Structures are given as structure tokens and as C-alpha cells.
Amino acid sequence: LPDMPVVPAPLSGTSIPIGDRVATALAVGTTDTDLSSVVHVPALGLVVSGDVVYNQTHMWMRGSTPESRASWKLALDAVAGLGADKIVAGHRHPQAADDDAQRQIEESRQYIADFEAALARSSAPLELIDRMMAIHGDRANPYTLWVAAYDLLGNKPA
């Protein structure tokens, strides 16, 4: 540990030296928030995905639009294009089987597709929640699904 605290500062570029290796910070667009980015460590076959890829956890869809969900799918494509073996997801089920990159990317893509299909067929929050829980009931943090459902389909009755 350093004797003096290190104050965070903006990167001067996209490269992050790690010993004799380099990690690269990459902007990937809108996912569950604007200006999402990932860190790629090619020498380790690793991506640290932050909010881009979720590992068996309900994804944050509150405030999402068809455009933001399309952007998220493009971000997943960008991460897939990096060819990593492992992903450290910013949101991970404590009992997730592994950190396999391909599985996590495909499951994240499928969740977005399932959410869009369930949203299109739902007229009330509980309909959306029930449809998604029937498919993804084993995912961690269902609170995020509830928040999205009430945000996109109406307020919870008093």
C-alpha cells in the first residue's frame, strides 16, 4: 500500500498499464446507463464489464427505451467481439456457475429479448413481472425487474 493515498484522475488515453501488460478501456455506448465502458485485458482473456454484461442477475431496464435496448445489444456485440474467455460482470448472482464470457453475453442478450417480448405483451406491471419471472425466476435481484415494470407500465396502486 502506498504511504500516501492515490487520488483518482482521468485516464490520459485508453491504455492502462498492468505490470508488463496492458488493459484497454473501451466506450461501448448506452447500456443500463449512458456512456458505459468496459476494460479489456487481452493477455488474460478477460473483460471487466461493469454494467454491460450481467451474470445471472435481473438486468436494470428502468427507464429503458427501444433505442437504449438496441444500444445495449450493440454493446454486447462489441464485448463479444473482444473474444474474451472470462467476464467479470458488474452484477453477478452469488451462486453463478462461472464467469464464462460467451454464456454471460448470450444470457444477457436473451434477457433483453425476453424483456422486450414480455413488455410488448403486458399492459400492467404484474403481467410483465409474472412473464419475466416464469422465464428468469432463478436470477438474482428481482427488485430491478419490479422497478422496471412499474416504471414502464404504471405506478403501484396505493
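Scroll up for the structure.
Just so it is clear, the model here is predicted, and its values are computed rather than measured. (Residues numbered from 1 in each chain as written. Predicted model: local features only at pLDDT ≥ 70, side-chain atom pairs only at ≥ 80, totals over all residues. Heavy atoms only, no water.)

**Student:** Explanation requested: the overall build of the chain in the structure shown.
**Tutor:** Assigned secondary structure in the chain consists of four helices and five strands. The order of helices and strands in the chain, counted from the N terminus, is β-β-β-β-α-β-α-α-α. A principal-axis box enclosing the C-alpha atoms of the chain has dimensions of 55 × 30 × 30 Å. In the chain, buried positions account for 37% of the 158 residues. In the structure as shown, the chain presents an accessible area of about 8900 Å², 57% of it carried by carbon and sulfur atoms. Between the mean site of the 12 positive side-chain charges and the mean site of the 19 negative ones, the chain shows a separation of 4 Å. (Helix = DSSP H or I, 4+ residues; strand = E, 2+ residues; numbered from the N terminus. Buried < 20%, exposed > 50% of the residue type's maximum accessible area, 1.4 Å probe, protein only. Areas by Shrake-Rupley, 256 points an atom, 1.4 Å probe, with all protein chains shown as cover. Lys, Arg positive; Asp, Glu negative; His and termini not counted. Charge placed at Lys NZ, Arg CZ, Asp CG, Glu CD.)

**Student:** Which parts of the structure should I look at to understand the side chain of His-58?
**Tutor:** Examined against the element boundaries, His-58 turns out to sit in the loop between strand 4 (46-55) and helix 1 (66-81). The buried category is assigned to His-58, whose relative accessible area is 1%. Here His-58 is in contact with Tyr-111, Met-133, His-136, Arg-139, Ala-140, Asn-141, Pro-142, Thr-144 and Leu-145, once residues within four sequence places are set aside. (Contact = heavy atoms within 4.5 Å.)

**Student:** Can you walk me through the packing of aromatic side chains in this structure?
**Tutor:** Each aromatic ring pair is described using two quantities: the centre-to-centre distance and the angle formed by the ring planes. Taken as a whole and assessed by the stated rule, the structure comprises two aromatic pairs. Pairing Tyr-54 with Trp-72 gives two aromatic rings, centres 5.8 Å apart and planes at 55°, and the pair type is tilted. Of the two residues, Tyr-54 is situated in strand 4 and Trp-72 in helix 1; the sequence distance between them amounts to 18 residues. When sorted by exposure, Tyr-54 lands in the same class as Trp-72, which is buried. (Phe/Tyr/Trp six-rings, centres within 6.5 Å; stacked < 30°, edge-to-face > 60°.)

**Student:** Please clarify how the pairing of strand 3 (residues 36-41) should be interpreted in this entry.
**Tutor:** Along a regular strand, successive side chains alternate from one face of the sheet to the other. As paired elements, strand 2 (residues 21-29) and strand 3 share five bridges and run antiparallel to each other. For Ala-25, the partnering residue across the bridge sits in strand 3 and is Val-39. The antiparallel hairpin formed by strand 2 and strand 3 contains six residues in its connecting segment, where Leu-35 sits at a positive phi of about 60°. (Pairing = 2+ DSSP bridges.)

**Student:** I tried to follow the sheet that holds strand 3 on my own but got confused; where do I start?
**Tutor:** One key point about sheets: their strands pair by backbone hydrogen bonds, in either a parallel or an antiparallel sense. The mixed open sheet is built from five strands, whose spatial order is 1-2-3-4-5. Both edges of this open sheet fall to strand 1 (15-18) and strand 5 (86-92), since each of them pairs with a single strand only. Averaged over all adjacent pairs, the angle separating strand axes in this sheet is 30°, with direction ignored. Of the strands in this sheet, strand 2, strand 3, strand 4 and strand 5 are in contact with helix 1, which crosses strand 4 at around 155°. This element, helix 2 (residues 101-120), spans strand 4 and strand 5 of the sheet and lies at about 25° to strand 4. (Axes fitted to C-alpha atoms, helices over the stretch in contact; angles between N-to-C directions.)

**Student:** Please clarify how the side chain of Gln-104 should be interpreted in this entry.
**Tutor:** With respect to the helices and strands, Gln-104 occurs in helix 2. At a separation of 3.4 Å, a polar atom in the side chain of Gln-104 contacts the side chain of Asn-55. In this structure Gln-104 touches Val-53, Tyr-54, Asn-55, Ile-87, Ala-89 and Asp-99, once residues within four positions along its chain are discounted. (Polar contact = N/O pair within 3.5 Å; in protein donor to acceptor, adjacent residues only side chain to side chain.)

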